[in-house]
Amino acid sequence: MATKMGIEVSVAIGEAVRLANADVIAAYPITPQTHIVEHLAELVANGELDAQYIPVESEHSAMSACLGASAVGARTFTATAGQGLELMHEVLYVASSMRLPVIMTVANRALSAPLSVWGDHSDVMAVRDVGWIQIFTENGQEVVDNVLCAFRIGEDRRVLLPVMIHLDGFHLSHVIEPILFPEQSEVDQFLPPNQYPLPLDPSKPVSMGDFGPPIIYFETKWAQEVNLEAAREVILQCWNEFGKTFQRYYSPVECYHSEDAKVLLLTMGSFSETAMMAIDKMRRDGREVGLIRLRLWRPFPFGEIRQAVKNAEVLIVLDRALSFGGPGGPVCSEVKSALYGEDKKPRVIGFVGGLGGRDITPAGFEEIINRGIEISQKGSDQEFEIFGVRE
Amino acid sequence: MTNPEGMLTWKDLEIGSIVAEPGNASQYQTGDWRSERPIFDNSKCIKCGICYIFCPEGCIEQNAEGYFEANLFYCKGCGICARECWTRAITIVPEEE
Ligand code: SF4
Ligand code: SF4
């Protein structure tokens, strides 16, 4: 029987990692992620989680320690945010190319300067191409569920890749929500023990992270790409299995009143729930609008996106990150490229908003949708629109 | 990984390009980096072994007569042996000669 409790989402993540029975946690505290690793440190110190907790001097070291732990076959977890994710950057590539299933929650945070501890997706987009599986979540329950799924997906013999679970800093990390926790026995059944096939083991020596001269490097990169693509199938299977076990279903692209909608809004993360309120209101007003929420960020769900938007006339994409001097929002640019070759496709209008913890209210989302429709009719000389900057 | 490295396709690689066969670095032909090679003139050699000690590849071996020679499978042609040889017994010549 699952237990429902009101709990801070960060603390709930710690509880999920306890249920997953992680072996090693190496972490460095950084706002707005601190409570996650703080709670894990408590659990380990109190003997409630039998794990090695490695306090390190930086995020670069945190991720490096995670690689070592994962390489011996330990179930490994860490968490970070914003600047911390940036400091890990080079090691993130090593985790994915060495195929080490480190699981990490990222409490999404804006990047300096100016210094901001508040939420947006600048940190997410800066690690877009590091080869990790990346999943967006909208509420505390989704974070907990997907942390459990992440271990199962990442450690699957067919995948063996690190997984990032994105949750919006403060908007999600610091709120108290009612969350259902499965029983330990249910988790044990859902999540088999980690069995890394070629661990570091003195009785059967292997070398990891060797150098790759021009004669072999390209082959290793292609193997990595094929592998990340193949992970799609396992991710879907895992979510399906999770749904059957716990009655909560997840998919790469989630649709909300989108089937008959002429105008669609696409969001990711916790803003999606606020956007739903705007969609509800506009529907009550008789408007044919709907919402698409991007859950799986890597591998990018091309097919699901095409399917979800194919009957719409206008698709408005709201990014919470800005690609300076580029096409505006990174998600919008990928959605456009996914649709480019389609015969029947909506007009895609990109917005950038909600940077550095700036809220967008339901009324704000309504404004974005209305402005998007206006641009689709009248055109615009801008590559993308900014929402919420004071003129 | 018993195939020569150049023959491996992406499908042949172990997970994460792990090398599961210890010591197989000896199969890696560092000699193909070479653009110059050392030539040993045994008439000048005093068998001191300095070339053997200084070679960064460890590819210089002593033969049955006590003279030294480079294993060209590994020799990178760096020229250190020629530089360190007391008697100028080693000369470095371009590969095409
Ligand atoms: S040229 Fe360099 S690698 Fe070759 S034998 Fe001399 S010292 Fe060794
Ligand atoms: S350093 Fe010169 S003299 Fe000494 S062993 Fe080598 S080749 Fe002979």
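Residues numbered from 1 in each chain as written. Chains lettered and ligands numbered in written order. Predicted model: local features only at pLDDT ≥ 70, side-chain atom pairs only at ≥ 80, totals over all residues. Heavy atoms only, no water.

### Observations regarding the interface of chain B and chain A
In this assembly, 15 residues from chain B lie in contact with 22 residues from chain A. Here chain B packs against chain A, burying approximately 1,600 Å² in sum over the two surfaces, 73% of which is carbon and sulfur. On the chain B side of the interface with chain A, the three residues burying the most area are Trp10, Ile15 and Ile18 of chain B, jointly 40% of the side's total. Summed over the shared surface of chain B and chain A, the number is zero salt bridges. Here chain B is connected to chain A by one residue pair in polar contact (both at pLDDT 80 or more). (Contact = heavy atoms within 4.5 Å. Buried area = accessible area lost by both parts, 1.4 Å probe. Salt bridge = Lys/Arg side-chain N within 4 Å of Asp/Glu carboxyl O. Polar contact = N/O pair within 3.5 Å; in protein donor to acceptor, adjacent residues only side chain to side chain.)

### Some points on the site of ligand 2
All names here are of chain B. In the region of ligand 2, the neighbouring residues are Cys45, Ile46, Lys47, Cys48, Gly49, Ile50, Cys51, Phe68, Cys85, Thr87 and Ile90. When each cavity is represented as a set of grid points, ligand 2 is found to reside in the largest cavity. For the shell around ligand 2, the residue count by class is eight nonpolar, two polar and one charged. (Near = heavy atom within 4 Å. 1 Å grid on protein atoms, 1.4 Å probe; cavity = no way out; pocket = protein on both sides within 12 Å on 5 of 7 lines; lining within 4 Å. Sits in = over half its atoms within 2 Å of the grid points. Nonpolar A, V, L, I, M, F, W, Y, C, P; charged D, E, K, R; others polar.)

### Side note on the packing of aromatic side chains
By convention here, two paired aromatic rings are described through the distance between centres and the angle between planes. According to the stated counting rule, one finds 13 aromatic pairs over all chains in the structure shown. Where Phe300 of chain A meets Phe302 of chain A, the ring centres are 4.9 Å apart and the plane angle is 65 degrees; that geometry is what we call edge-to-face. Given the relative accessible area of 3%, Phe300 of chain A is considered buried. Under the relative-accessibility criterion, Phe302 of chain A is labelled partly exposed at 32%. Ring centres of Tyr52 of chain B and Phe68 of chain B lie 6.0 Å apart, and the angle between their planes is 50 degrees; on these two criteria the pair is classed as tilted. Here Tyr52 of chain B, found in helix 1 (residues 50-54), pairs with Phe68 of chain B, found in strand 3 (residues 68-70); they are 16 residues apart in sequence, far enough to count as distant. Clustering of aromatic rings is evident, with ring pairs tying together Phe136, Trp297, Phe300 and Phe302 of chain A. Stacked on the ring of Tyr67 of chain B, the Lys or Arg Lys47 of chain B has its end atom at 4.5 Å from the ring centre. (Phe/Tyr/Trp six-rings, centres within 6.5 Å; stacked < 30°, edge-to-face > 60°. Buried < 20%, exposed > 50% of the residue type's maximum accessible area, 1.4 Å probe, protein only. Helix = DSSP H or I, 4+ residues; strand = E, 2+ residues; numbered from the N terminus. Lys NZ or Arg CZ within 6 Å of the ring centre and 35° of its normal.)

### Observations concerning the nonpolar core
Within the largest apolar cluster, 52 residues are counted, with the highest numbers of intra-cluster contacts made by Ile13, Ile25, Leu40, Phe77, Ile133, Val143 and Val147 of chain A. Dropping the residues within four chain positions of it, Phe77 of chain A is found in contact with Ile13, Val17, Val24, Ile25, Ala26, Ile36, Leu40, Cys66, Ile103, Met104, Thr105 and Phe151 of chain A. Core analysis: the second largest hydrophobic core is formed by 28 residues, Ala62, Leu85 and Ala95 of chain A together with Ile15 of chain B among them. (Core = buried A, V, L, I, M, F, W, Y, C linked by side-chain atoms within 4.5 Å.)

### Describing the domain arrangement of chain A
Residue and element names in this part refer to chain A. Each assigned domain of chain A is listed with its residue range as follows: domain 1 (3-246) and domain 2 (253-386). Each of domain 1 and domain 2 has a C-alpha centre, and the two are 28 Å apart. Listed as interface residues are 30 residues of domain 1 and, on the opposing side, 28 residues of domain 2. Between domain 1 and domain 2 the total buried area reaches about 2,300 Å² when both faces are included, carbon and sulfur atoms providing 55% of it. Together, Arg128, Phe136 and Glu138 form the three largest contributors to the area buried by domain 1 at its contact with domain 2, with a combined 29%. (Domains from an automatic or database assignment.)

### Some remarks on the site of ligand 1
Residue and element names in this part refer to chain B. Every residue near ligand 1 is listed here: Cys55, Pro56, Cys59, Ile60, Ala70, Cys75, Lys76, Gly77, Cys78, Gly79 and Cys81. Judged by its atoms lying within 2 Å of the grid points, ligand 1 is housed in the second largest cavity. Residue composition of the shell around ligand 1, grouped by class: eight nonpolar, two polar and one charged.

### Remarks on the environment of Glu155 of chain A
Residue and element names in this part refer to chain A. For Glu155, the position within the fold is in helix 6 (residues 140-155). The exposure class assigned to Glu155 is buried, which follows from its relative accessible area of 8%. Through-space distance from the C-alpha of Glu155 to that of Pro192 is 9.2 Å; in sequence the pair is 37 residues apart. Residues contacting Glu155, with those up to four places away along its chain left out, are Arg75, Pro101, Ala150, Leu160, Pro192 and Asn194. Within the local environment of Glu155, its side chain forms a polar contact with the side chain of Arg75, the two groups lying 2.7 Å apart.

### Overview of the sheet that holds strand 11 (residues 289-294) of chain A
All names here are of chain A. The strand order across the open sheet formed by six strands is 9-11-10-13-14-15, and the pairing between neighbours is mixed. A strand with exactly one partner marks an edge of an open sheet, and here the two such strands are strand 9 (253-256) and strand 15 (385-387). Averaged over neighbouring strand pairs, the angle between their axes works out to 25 degrees when direction is ignored. Bridging between strand 14 (residues 347-353) and strand 15 involves three bridges; their strand directions are parallel. Bridging from a neighbouring strand, Val352 pairs with Ile386 of strand 15. Packing of helix 11 (residues 330-339) onto the sheet brings it into contact with strand 10 (263-267), strand 11, strand 13 (314-319) and strand 14, and relative to strand 13 it is tilted by some 150 degrees. (Pairing = 2+ DSSP bridges. Axes fitted to C-alpha atoms, helices over the stretch in contact; angles between N-to-C directions.)

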